Amino acid sequence: MAAANVLTVGTTAASSSDTTIAAATLFGLKTTANDAKVAITLKDDLGGYNVIGTLSNSQPTAFLQPGTYKFTRPAGPSCGVYSA
C-alpha cells in the first residue's frame with residue numbers, strides 16, 4: 001500500500017474525515033516542528049470518538065488495528081498525518 005495523506009499539514013485546528021481501516025496500518029506524523037501533536041480517536045459503536053493516543057515528536061508513529069479513526073490537530077505547530 002502506498003503512503004496516503006490522512007490529515008493535510010497545517011497550523012489551524014482540524015480533524016481528518018473518518019479513516020476506516022480493515023487491516024492493521026501504520027500512521028505517522030508529518031512535521032518539522034518540535035512540539036507538534038495530533039490526537040488519535042477511535043469511533044465506538046454509538047458513533048462517539050474516544051481518544052486512544054497521540055502522535056507527537058516523541059511518538060511519531062502508531063500501528064493501529066482495524067476500526068474507524070479520526071486524527072485531530074489543535075491550532076499551533078505545523079503538522080499532518082499520513083498512512084503507510
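All figures in this text were calculated on a predicted structure; none of them were measured in a lab. (Residues numbered from 1 in each chain as written. Predicted model: local features only at pLDDT ≥ 70, side-chain atom pairs only at ≥ 80, totals over all residues. Heavy atoms only, no water.)

Trainee: In this structure, what is going on with the pattern of salt bridges? I would like to understand it.
Mentor: When the charged atoms of two side chains with opposite charge come close together, those side chains can pair. Under the definition given, this model contains 1 salt bridge. Ionic pairing is found between D18 and K43, a salt bridge with its closest N-O pair at 3.0 Å. Highlighted residues: D18 in the loop between β2 (14-15) and β3 (19-21) and K43 in strand β5 (residues 37-43), separated in sequence by 25 residues. Taking the relative accessible area as the measure of exposure, K43 reaches 32% and is therefore partly exposed. (Salt bridge = Lys/Arg side-chain N within 4 Å of Asp/Glu carboxyl O. Helix = DSSP H or I, 4+ residues; strand = E, 2+ residues; numbered from the N terminus. Buried < 20%, exposed > 50% of the residue type's maximum accessible area, 1.4 Å probe, protein only.)

Trainee: When you look at the packing of aromatic side chains in this model, what are you seeing that I'm missing?
Mentor: Given two aromatic rings, one states the distance between the centres and the angle between the planes to describe the pair. The tally for this structure, following the rule as stated, stands at 1 aromatic pair. Seen from their ring centres, F27 and F71 are 5.0 Å apart, and the 35 degrees between their planes marks the pair as tilted. Residue F27 is located in strand β4 (residues 25-31), and its partner F71 is located in strand β8 (residues 67-73); the two are separated by 44 residues in the primary sequence. (Phe/Tyr/Trp six-rings, centres within 6.5 Å; stacked < 30°, edge-to-face > 60°.)

Trainee: Sorry, what's going on with the nonpolar core here?
Mentor: Note that soluble globular proteins tend to have their nonpolar side chains buried in a common cluster. F27, V38, I40, L55, L64, F71 and V81 are the most contacted members of the largest nonpolar core, which totals 16 residues. Residue assignment for this core shows that the elements contributing at least two residues are β1 (4-10), β4, β5, β7 (61-64), β8 and β9 (79-83). When near neighbours in sequence (up to four residues on either side) are disregarded, L55 contacts F27, G28, L29, A36, K37, V38, I40, P60, T61, A62, F71 and V81. (Core = buried A, V, L, I, M, F, W, Y, C linked by side-chain atoms within 4.5 Å. Contact = heavy atoms within 4.5 Å.)

Trainee: Sorry if this is basic, but what is going on with the side chain of T19 here?
Mentor: Position of T19 among the secondary structure elements: in strand β3. Taking the relative accessible area as the measure of exposure, T19 reaches 15% and is therefore buried. Leave out the neighbours within four places in its chain, and T19 touches V6, F27, G67, T68, Y69 and F71.

Purely geometric numbers; function is a separate question.
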